Amino acid sequence: MIHLKNVSYSFGRNWALKNISFDLEKGDFLFITGPSGAGKTTLLKLLHADLFPKGGEIKVAGYDLKKLPTRKHYLLKREVSIVLQDFKILTKLTVFENVALPLVVQKKPTLQIQKRVRAVLRSIGLYNKASVRCDELSGGEQQRVAIARAMVVNPKILLADEPTGNLDKTLSLHLLSVFNQFNLHGTTIVMATHNEELVSRQDRAKILYLQEGNIEAKNF
Ligand SMILES: Nc1ncnc2c1ncn2[C@@H]1O[C@H](COP(=O)(O)OP(=O)(O)O)[C@@H](O)[C@H]1O
Ligand SMILES: [Mg+2]
C-alpha cells in the first residue's frame, strides 16, 4: 500500500527527511512520532504528493509518485485523504455541507451522498450536528468535521497530522476509537502525533520514530 525507499526531502539546504525507507500493507495503522521539526508533516505531505522527494522511490496506493504526472494526481487523491493541522473547513457551511463536498465535486447521486454523509457523521459522533453551521462548533468538533470530510470518500489511506492536537484526553481517545473503526474496515491509517499515551495504548500499531529527519527507531 505504501513503499518508500531512501526517500529524502530538503527545504533549501535543510534536509527535513533523510533516507527514509519503510513499507506498509493494506490495513496497517502507523503512528509517526518524534519531536517538533522531526519531519512528520513533511513525510505526510510526500505521501499525498503535496511535496516531491529529492531522491528515492515512493509508491502509494499503487501509484509510483515519481512517474505520476500532475494531471493524474487526482487519481491518487481519490484514494488517499489527508487532514492537516490547519484543516480548512468552510465555516459558513453546515456540517453536512462540508462533509458532502468531496462527493458533490465527484458528482455522486444525491441519495448516495446523503446516505454516505450520514453514515460517516454517525461514526464520528456528529450526526446530531449535521445542520449546524461550522462556525458554531468548538475547535475539536471542527477537527472532526475535517476528518469526516476526509473519510466520506472511503479512501484506501487516511493521513492525519496531529489530529488530537486540539482535543482533551476523552476526545482524543474517542478519535482513536473512530480511527480504529475505519482501520478495521480496511483503511490504512498514518497518523503523526506527539501523544505518547495514545501510541502506547495501541498494541497493534506500527510506530516510526523520527528525529531530525532520520528514522531513530521503528517497531516493524
Ligand atoms: N515550508 C517550509 N520551509 C522551510 N523549512 C521547512 C518548511 N516546513 C518545514 N520545514 C523544516 O523541515 C523540518 C521538518 O519539519 P516538519 O516536517 O514540519 O516537522 P514536524 O511535523 O515533525 O514538526 C524542520 O526543520 C522544519 O523547520
Ligand atoms: Mg508537524
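Residues numbered from 1 in each chain as written. Chains lettered and ligands numbered in written order. Predicted model: local features only at pLDDT ≥ 70, side-chain atom pairs only at ≥ 80, totals over all residues. Heavy atoms only, no water.

Identification of the protein chain as Cell division ATP-binding protein FtsE from Desulfonauticus submarinus is taken from an unreviewed UniProt entry. Regarding the protein chain, the UniProt comment filed under Subcellular location (unreviewed entry) reads as follows: "Cell membrane". Recorded in UniProt for the protein chain, the comment headed Sequence similarities (unreviewed entry) runs: "Belongs to the ABC transporter superfamily." (UniProt positions renumbered as here; feature names shortened; annotations may be inferred.)

Neighbouring ligand 1 are the residues F11, N14, A16, P35, S36, G37, A38, G39, K40, T41 and T42. With respect to ligand 1, the side chain of K40 contributes an N or O atom lying 2.8 Å from an oxygen atom. Interatomic distance of 2.6 Å between a side-chain N/O atom of T42 and an oxygen atom of ligand 1. Protein contact buries 59% of the 560 Å² of open area that ligand 1 shows by itself. For the shell around ligand 1, the elements supplying multiple residues, two or more each, are β2 (14–24) and α1 (40–47). A total of 3 residues in the shell around ligand 1 trace back to one element, the largest contributor, which is α1. A class-by-class count of the residues in the shell around ligand 1 yields 4 nonpolar, 6 polar and 1 charged. (Near = heavy atom within 4 Å. Polar contact = N/O pair within 3.5 Å; in protein donor to acceptor, adjacent residues only side chain to side chain. Areas by Shrake-Rupley, 256 points an atom, 1.4 Å probe, with all protein chains shown as cover. Helix = DSSP H or I, 4+ residues; strand = E, 2+ residues; numbered from the N terminus. Nonpolar A, V, L, I, M, F, W, Y, C, P; charged D, E, K, R; others polar.)

What follows deals with the layout of surface pockets. In this structure, the largest pocket encloses a volume near 410 Å³. The set of elements that each furnish at least two residues to the lining of the largest pocket consists of α2 (73–79), β6 (80–83), α3 (95–105) and α5 (139–151). A per-element tally of the lining of the largest pocket places β6 first, with 4 residues. By residue class, the composition of the lining of the largest pocket is 11 nonpolar, 3 polar and 5 charged. (1 Å grid on protein atoms, 1.4 Å probe; cavity = no way out; pocket = protein on both sides within 12 Å on 5 of 7 lines; lining within 4 Å. Points joined across faces, edges and corners; volume = space filled by probe spheres on them.)

Where strand β1 (residues 2–11) meets β2, 7 bridges bridge the pair, whose relative direction is antiparallel. Following the sheet pairing, L4 is matched in β2 by F22. Here β1 folds back onto β2, and the loop between the two strands holds 2 residues, one of which, G12, carries a positive phi near 60 degrees. (Pairing = 2+ DSSP bridges.)

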